Amino acid sequence: MATIQEIIKQALNPFDPVTFATGNFWEDPDNGAVNVNSIHQDEINQITTTLSAVNQDHRPRTILLAGDAGSGKSYLLKRLKQQLNQQAFFAYIGPWANSDRIWRYILRETVDSMLKIPEGEKESQLLLWLKSLPAFKKNGWLLNERQQFISDLRASYPGGIHRNKEFFGVLYDLTNPERYHLAYQWLRGEDLDEDELKTLGVRGSIDNEDDAQNILINFGRISSSTKPIVLCFDQLDNIPRLPDASLDLQALFNVNSTLHTRRVNFLIIISIVTDTWQRNKKKLQPADFDRLNPKILLKNITLEQAESLWASKLYPLHQQADPKPTSPIYPLTRQDLEEEFPGQKTTPRKTLSLGNQLIQRYKTQVVNSELSRIDLISEDSEGVKISEPSTIDLTSEDSEGVKTSELSRIDLTSEDIETVSISEPSKTESTTKKDTAGESIPIADKLLASFKLKWQKEFQKTEQQITRIQDIGESQLIGMLREALEALEIRGIKPKLLLGSFASHSLSYQLPSPQGRIGLVWGETTNGTSFYHLMNACDQAIKGNRCQTLYLIRHTKISLKRDTKGYKLYSQLFNASRHIHIKLDDLSSVHYLATYHSLVNDACSQELVLANKTITLTELKSLIRESGILQDCPLLKDLNIISIVDNKVPLNPVKEFVLNVLKQDQVIGLKVLIKTTHRQFNRLKEIEIQQRIKELCQENELKLIPVDGSPETQSVYLVP
């Protein structure tokens, strides 16, 4: 086993801000290693008590969960889901795009969450909920007894169930593997075509606010026979705004009021930044405050809790060390916390950010101690040695698992390294001078590198989550497109180009003459009647001269018969005029827009941390432009939004990734770097990644020490 100094030097920084908990608790895998039970335990106990009350009398409660940015609100919601998922079903509901569609959005997000599989279970929350109903406990799955199932449930709930025959019929279809996905799509409010509606035996989709509200209430009422559903509203800083630029929180509290007047088995948690709440609560009606019970304000954590948070992050590295460190937070110290937080209080984010900075400094100091004993002048790029791929084991579960280095070649013992201390600057000059490896990297370069790494991580996650165009509603899609246009500084953006029910699917923006005003409509409906009404709304916008050019954006193939009214009008508008149908060949454009939207949500909620800096929305827009990432979005290219004037040859993506990792982490073990890169580019072979790293060394971008060591013992650092 290696010493703790060697392990920390070669490992990725365990306090990397990319790992900070933000957003949807269903999207990131649970990581029990970072749980510190003492943090916010009183608040968790309060929420648990409130949930028990809901479970007893089946009446809704609403909790206001407020806290400063970085106080751990998202982390707390994730812990609640981890600890209480056996007692309740959990739904995560992020910011909505249009307040006039808020019920439809909440229903969709709730059903999507119900489709998730809780930890330790084999079935989704939706099936667990269904199987816990009395009808199933009494009669089992009732195979081929659809009508009996509907009759039993109608008898169990004689009043107050909206569209009860259709709703219970769709619930039954959830038990049929051939109809399960279709039933799920109807419940979440997708606009199904005529044949699909006939298969389910329903007269129409859930396509209006009244239907969505009552179907959601159906879930709440039936849940009185089983466990409560917890609706967690989060990242509310990116919801629609009122004309005076304040947040439209009243739309959410109108929903809350309605749920309280109906007997639903819901616990509603509204998570919000304290400052955001204080600035916007004056817009709410007095009765709304009476329904908030309890109001929970997250407090700062103690230095003892901060130590525990550090220890939980460092634990995996300490477990690999021999001998084991005497302190659970080595190489960090209590003195580091006391000097940074003299008031003896801090927040989880500030604690993690400090840990990140100190580990970066420690890694840099360790490698500088090594470099001071090596004659770098005699080295050239041809002296770099990277072993053959057979010597590297990429199947290991632990990317930070490294072997002991033969440091005798560079005349450096573990005792020499151990004298390096972050908390005692007198023992090393590198705490007061610029570090040779790392500190000379401009902060702007670090920030851009951190952003690109964050983007790649979020983009991969988005690709896994969005596999159908129907996963996101058109109003959300057009809202995401608007955010991208704003980031690219497109002028004169106005929402709701169309009138009527499709208004939220559209927008317009201004281009210089002769292009004039450009209209955009996103329409994915497969229903013939809905498609005709969409085309009619487009026709009215064109005739009303509300835009000079209209783009119809659509991924779904138009499969209507050519003699239908909808198809004829479509052909008239988009096949024989200046107006254009953009046919998205794949979902890559949606992945670009959704990834940026996720980062916008984080930035608005003050949860986007890059290079130890909390990024504002304005700074995010600047980074997205500087990075040029959106230049690869096919939809923006088709709209002629992107104009590429830079003729520089782009850097090889593997090389760029490696450099970005080193700009953020300063020094990493070669084996760890190869494994990290392989996770990002898993289609590449090991030897290809090694070759790119070797080329960077030959180009004097990177250095390896010891030069003639094996991959298990070599470390990589960025040449200043």
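In this numbering scheme, every chain counts its residues from 1 along its sequence in written order. The predicted nature of this model means local features are confined to residues of pLDDT at least 70 and side-chain atom pairs, given and counted, to a pLDDT of 80 or more, with totals for whole chains, interfaces and linings taken over all residues. To obtain the side-chain values, all non-hydrogen atoms of the structure were used and water was disregarded.

S.K.: Looking at this model, I keep getting lost on the overall build of the chain. Mind explaining?
M.R.: Under the DSSP-based scheme used, a helix requires at least four consecutive residues in state H or I and a strand at least two consecutive residues in state E, with every element numbered from the N terminus. Looking only at helices and strands, the chain has 28 helices and 17 strands in total. With a 1.4 Å probe rolled over the protein chains alone, any residue whose accessible area is under 20% of its type maximum counts as buried; one over 50% counts as exposed, and the rest are partly exposed. Within the chain, buried positions represent 57% of all 720 residues. Counting only contacts in the chain whose residues sit at least 6 apart along the sequence, the fraction spanning at least 24 positions is 76%. Accessibility throughout is a Shrake-Rupley quantity obtained with a 1.4 Å probe, and a residue counts as covered only by protein chains that appear here. Taken as a whole, the chain presents about 30800 Å² of accessible surface, with 48% of it coming from carbon and sulfur. Contacts are assigned to residue pairs that have any heavy atoms within 4.5 Å of one another.

S.K.: Got a minute to help me understand the sheet that holds strand β2 (residues 89-93) in this structure?
M.R.: As a general point, the strands of a sheet are linked pairwise by backbone hydrogen bonds and lie either parallel or antiparallel. With parallel pairing, the five strands of this open sheet are ordered in space as β2-β3-β4-β1-β5. Either end of the sheet is taken by a strand with one partner, and the two such strands are β2 and β5 (292-297). The mean inter-strand angle of the sheet, taken between neighbouring strand axes irrespective of direction, is 20 degrees. Sheet topology note: the β2/strand β3 (residues 229-233) ladder contains five bridges and is parallel. The rule for pairing is simple: two strands pair if DSSP sees at least two bridges between them. Axis lines are fitted to C-alpha atoms, over the contacting stretch for helices. Their N-to-C directions set the angle, which ranges from 0 to 180 degrees.

S.K.: Even after reading the chapter, I still don't get the sheet that holds strand β17 (residues 715-718), so can you show me in this structure?
M.R.: Strand order in this open sheet of three strands is β15-β17-β16, and the pairing throughout is antiparallel. The open sheet terminates on both sides in strands that have one partner only, identified here as β15 (667-669) and β16 (702-705). The average angle at which neighbouring strand axes cross in this sheet is 25 degrees, direction not considered. The pairing of β16 with β17 spans four bridges and is classified as antiparallel. Bridge assignment links Lys-703 to a residue of β17, and that residue is Tyr-717. Seen against the sheet, helix α17 (residues 348-371) touches β15, β16 and β17 and runs at an angle of roughly 70 degrees to β16. Lying over the sheet, helix α27 (residues 670-680) contacts β15, β16 and β17, oriented at roughly 85 degrees with respect to β15.

S.K.: Would you mind showing me how to read the packing of aromatic side chains here?
M.R.: Each aromatic ring pair is summarised here by two numbers: the centre-to-centre distance and the angle between the ring planes. Stacked, tilted and edge-to-face are the three classes assigned to paired rings of Phe, Tyr and Trp, where Trp is represented by its six-membered ring and a pair needs centres within 6.5 Å; plane angles under 30 degrees give stacked, over 60 edge-to-face, the rest tilted. Applying the stated criterion to the full structure yields 19 aromatic pairs. Arranged with centres 6.2 Å apart and planes meeting at 25 degrees, the rings of Trp-455 and Phe-459 form a pair that is stacked. One end of the pair, Trp-455, and the other, Phe-459, are both in helix α19 (residues 443-465), four residues apart, so they sit about a helical turn from each other. By the burial criterion, Trp-455 is buried, and Phe-459 matches it. Of the aromatic side chains, those joined through ring pairs into one cluster are Trp-129, Tyr-157, Phe-167, Phe-168 and Phe-219.

S.K.: Where do I start with the side chain of Thr-595 in this structure?
M.R.: Here Thr-595 lies in helix α23 (residues 588-604). Distance and chemistry together define a polar contact, namely a pair of N or O atoms within 3.5 Å, with one atom able to donate a hydrogen and the other to accept it when in protein, and with adjacent residues in sequence counting only for side-chain atoms on both sides. In terms of polar contacts, Thr-595 uses its side chain to reach the backbone carbonyl oxygen of His-591, at 2.7 Å. Once residues within four sequence positions are removed from consideration, Thr-595 is found in contact with Trp-455, Glu-458, Phe-459 and Thr-462.

S.K.: I tried to follow the nonpolar core on my own but got confused; where do I start?
M.R.: Across soluble globular proteins, you tend to see nonpolar side chains buried next to one another. Joining through side-chain atoms within 4.5 Å is the link that ties buried Ala, Val, Leu, Ile, Met, Phe, Trp, Tyr and Cys residues into a set, and such a set is a nonpolar core. Counting 68 residues, the largest nonpolar core has Phe-167, Leu-171, Trp-186 and Phe-219 as the members making the most contacts within it. A total of seven residues in this core trace back to one element, the largest contributor, which is helix α4 (residues 102-114). Not counting residues within four places of it along the chain, the set of residues in contact with Trp-186 comprises Arg-163, Phe-167, Val-170, Leu-192, Leu-197, Leu-200, Val-202, Gly-204, Ser-205, Ile-206 and Ile-215. Counting residues in each nonpolar core, the second largest holds 51 residues, with Leu-447, Ile-518, Leu-593 and Ile-624 among its members.

S.K.: What am I meant to see in the environment of Ile-580 here?
M.R.: If you trace the backbone, Ile-580 turns up in strand β12 (residues 580-583). Residues Ile-580 and Leu-520, spaced 60 residues apart in sequence, show a C-alpha to C-alpha distance of 9.8 Å. Once residues lying within four places of it in the same chain are set aside, the contact partners of Ile-580 are Leu-550, Tyr-551, Leu-552 and Phe-574.

S.K.: It is not clear to me how α23 should be interpreted in this structure. Could you clarify?
M.R.: Owing to its 3.6 residues per turn, the α-helix brings residues three or four apart onto one side. Helix span, expected: 1.5 Å multiplied by one less than the number of residues in the helix. Taking 1.5 Å of rise per residue, 17 residues should cover 24 Å, and α23 covers 24 Å from first to last C-alpha, within 8% of that figure. Of all 17 residues in α23, 15 are buried, a share of seventy percent or more.

S.K.: Explain unusual backbone geometry to me, please; I cannot follow it from the model alone.
M.R.: Peptide bonds are mostly trans, and most non-glycine residues show a negative phi. In this structure, the amide linkage connecting Asp-322 to the following residue, Pro-323, adopts the cis form with an omega of 5 degrees. Structurally, Pro-323 can be placed in the loop between α15 (303-318) and α16 (334-340). A cis amide bond links Ile-705 to the next residue, Pro-706, at an omega of -15 degrees. Following the sequence through the fold, Pro-706 ends up in the loop between β16 and β17. Positive phi values are uncommon outside glycine, yet Lys-496 reaches one of about 55 degrees. As for its position among the elements, Lys-496 is in the loop between β8 (494-495) and β9 (506-511). Located in the positive-phi region is Gln-666, a residue other than glycine, with phi close to 70 degrees. Relative to the helices and strands, Gln-666 resides in the loop between α26 (653-665) and β15.

S.K.: Would you mind going over the confidence of the model for the chain with me for this structure?
M.R.: Caution applies to low-pLDDT regions: their predicted coordinates should not be interpreted in detail. Summing up the model confidence of the chain, the mean pLDDT is 87 and the portion of residues at 70 or higher is 87%. pLDDT expresses, on a scale from 0 to 100, how confident the predictor is about each individual residue. Note that pLDDT drops below 50 for residues 375-436; the model gives that stretch 125 contacts with residues more than four away or on any other chain.

S.K.: Please clarify how empty space enclosed by the protein should be interpreted in this entry.
M.R.: A probe as big as a water molecule, rolled over the atoms, marks out the empty space that is left. Within this scheme a cavity is a closed region of a 1 Å grid, computed over the protein atoms alone, that accommodates a 1.4 Å probe without allowing it to escape, whereas a pocket is open but has protein on both sides within 12 Å along at least five of seven lines; lining residues each have an atom within 4 Å of a point. Grid points are joined across faces, edges and corners, and a volume is the space filled by probe spheres set on the points. Counted according to the given criterion, the structure contains four cavities of 30 Å³ or more. Space inside the largest cavity adds up to approximately 60 Å³. Taken together, Pro-17, Val-18, Phe-20, Thr-22, Lys-454, Asp-602, Glu-607, Leu-608 and Val-609 form the lining of the largest cavity. By the convention adopted, Pro, Cys, Tyr, Trp, Phe, Met, Ile, Leu, Val and Ala count as nonpolar, Lys, Arg, Asp and Glu as charged, and the other residues, Gly among them, as polar. Tallied by class, the residues present in the lining of the largest cavity amount to five nonpolar, one polar and three charged.

S.K.: Help me understand the side chain of Ser-271, please; the structure alone is not making it clear to me.
M.R.: In this structure, Ser-271 sits in strand β4 (residues 266-273). Within polar-contact distance, the side chain of Ser-271 engages the side chain of Asp-234 at 3.3 Å. Setting aside residues up to four positions removed in sequence, Ser-271 forms contacts with Leu-65, Lys-73, Leu-77, Phe-233, Asp-234, Gln-235 and Leu-236.

S.K.: What should I look at first to understand the pattern of salt bridges in this one?
M.R.: Charged atoms that come close allow side chains of opposite charge to pair. Counted as salt bridges are all cases of a side-chain nitrogen of Lys or Arg within 4 Å of a carboxyl oxygen of Asp or Glu. For the structure on display, the rule yields 31 salt bridges. Its salt-bridge partner being Arg-179, residue Asp-173 comes within 3.5 Å of it at the nearest N-O pair. Residue Asp-173 is classed as buried on the basis of its relative accessible area, which comes to 1%. On the accessibility criterion, Arg-179 (27% relative accessible area) is partly exposed. A salt bridge links Arg-279 to Asp-275, with the nearest nitrogen and oxygen atoms 2.9 Å apart.

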